[in-house]
Amino acid sequence: MCVILVKEPGVKVPSEVLEACHTANNDGFGVAWLDGDVVRTKRLLTKQGDHKKKIKRFTIDDIIELSDSLINMRAVYHYRWSTHGRVVTENCHPFPVGKN
């Protein structure tokens, strides 16, 4: 089962929590945050997938650094556990639905 964290502005997610989520669900990581009125997203592959392209894998340190940069933002974190579908960035949430 995937892990989802919701973070309010001004709240720092403890690195121990991020590490526990990363250890339990390391098939991919995604985050969405509200930057003013704009929703921004980033999806990261954290494990070697079954893709042919060489994609930079992100470590827990990369995720902690990203999380620290979002301290003043409302954000949703998603740690993927691949129960179906390939282990590729495109299968990491969040992903766009529609043109907006």
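Every value quoted in this text rests on a predicted model; they were computed, and no experiment measured them. (Residues numbered from 1 in each chain as written. Predicted model: local features only at pLDDT ≥ 70, side-chain atom pairs only at ≥ 80, totals over all residues. Heavy atoms only, no water.)

(A) Geometry of the overall build of the protein chain. Scanning the protein chain for helices and strands turns up two helices and four strands. Start at the N end of the protein chain and walk to the C end: the helices and strands fall as β-α-β-β-α-β. Out of the 100 residues belonging to the protein chain, those deemed buried represent 34%. If you take every contact in the protein chain between residues at least 6 apart in sequence, the share linking residues at least 24 apart comes to 68%. Accessible area of the protein chain: about 6500 Å², with a carbon and sulfur share of 56%. (Helix = DSSP H or I, 4+ residues; strand = E, 2+ residues; numbered from the N terminus. Buried < 20%, exposed > 50% of the residue type's maximum accessible area, 1.4 Å probe, protein only. Contact = heavy atoms within 4.5 Å. Areas by Shrake-Rupley, 256 points an atom, 1.4 Å probe, with all protein chains shown as cover.)

(B) Layout of the packing of aromatic side chains. Counted under the stated rule, the structure contains two aromatic pairs. When the centroid spacing of 5.9 Å and the interplanar angle of 50 degrees are considered together, the rings of Phe29 and Tyr77 count as tilted. With Phe29 in strand 2 (residues 28–35) and Tyr77 in strand 4 (residues 74–80), this pair connects stretches of sequence that are 48 residues apart. The residues Phe29 and Tyr77 share a single accessibility class, namely buried. (Phe/Tyr/Trp six-rings, centres within 6.5 Å; stacked < 30°, edge-to-face > 60°.)

(C) Main features of the pairing of strand 2. Strand 2 sits mainly inside the fold: six of its eight residues count as buried. Of the pairings in the sheet, the one linking strand 2 to strand 4 comprises seven bridges and is antiparallel in character. Paired with Gly30 across the two strands is His78, which belongs to strand 4. Bridge count between strand 2 and strand 3 (residues 38–44): seven bridges; the pairing is antiparallel. For Asp35, the partnering residue across the bridge sits in strand 3 and is Val38. (Pairing = 2+ DSSP bridges.)

(D) Broad picture of the environment of Arg74. Within the fold, Arg74 resides in strand 4. Taking the C-alpha atoms as reference, Arg74 lies 8.5 Å from Ala32; in sequence the two are 42 residues apart. Filtering out sequence-adjacent residues up to four positions away, Arg74 remains in contact with Lys7, Glu8, Pro9, Ala32, Trp33 and Leu34. A distance of 2.7 Å separates polar atoms of two side chains, one belonging to Arg74 and the other to Glu8. (Polar contact = N/O pair within 3.5 Å; in protein donor to acceptor, adjacent residues only side chain to side chain.)

(E) The arrangement of the packing of helix 1 (residues 15–24) against helix 2 (residues 60–69) in detail. Look at helix 1 against helix 2: their axes get within 10 Å of each other, and the N-to-C directions meet at 135 degrees. Overall, the two elements helix 1 and helix 2 adopt an arrangement that is oblique. Note that helix 1 runs across helix 2; the crossing there is right-handed. Note on element contacts: helix 2 touches helix 1 through Ile60, Ile63, Ile64 and Ser67, opposite Ser15, Leu18, Glu19 and His22. Residues of the contact of helix 1 with helix 2, tallied by class, amount to four nonpolar, three polar and one charged. (Axes fitted to C-alpha atoms, helices over the stretch in contact; angles between N-to-C directions. Parallel < 35°, antiparallel > 145°, perpendicular 65-115°, else oblique. Left-handed = near helix turned anticlockwise from the far one by under 90°. Nonpolar A, V, L, I, M, F, W, Y, C, P; charged D, E, K, R; others polar.)

Take it as geometry only, folks, not as evidence of what the structure does.
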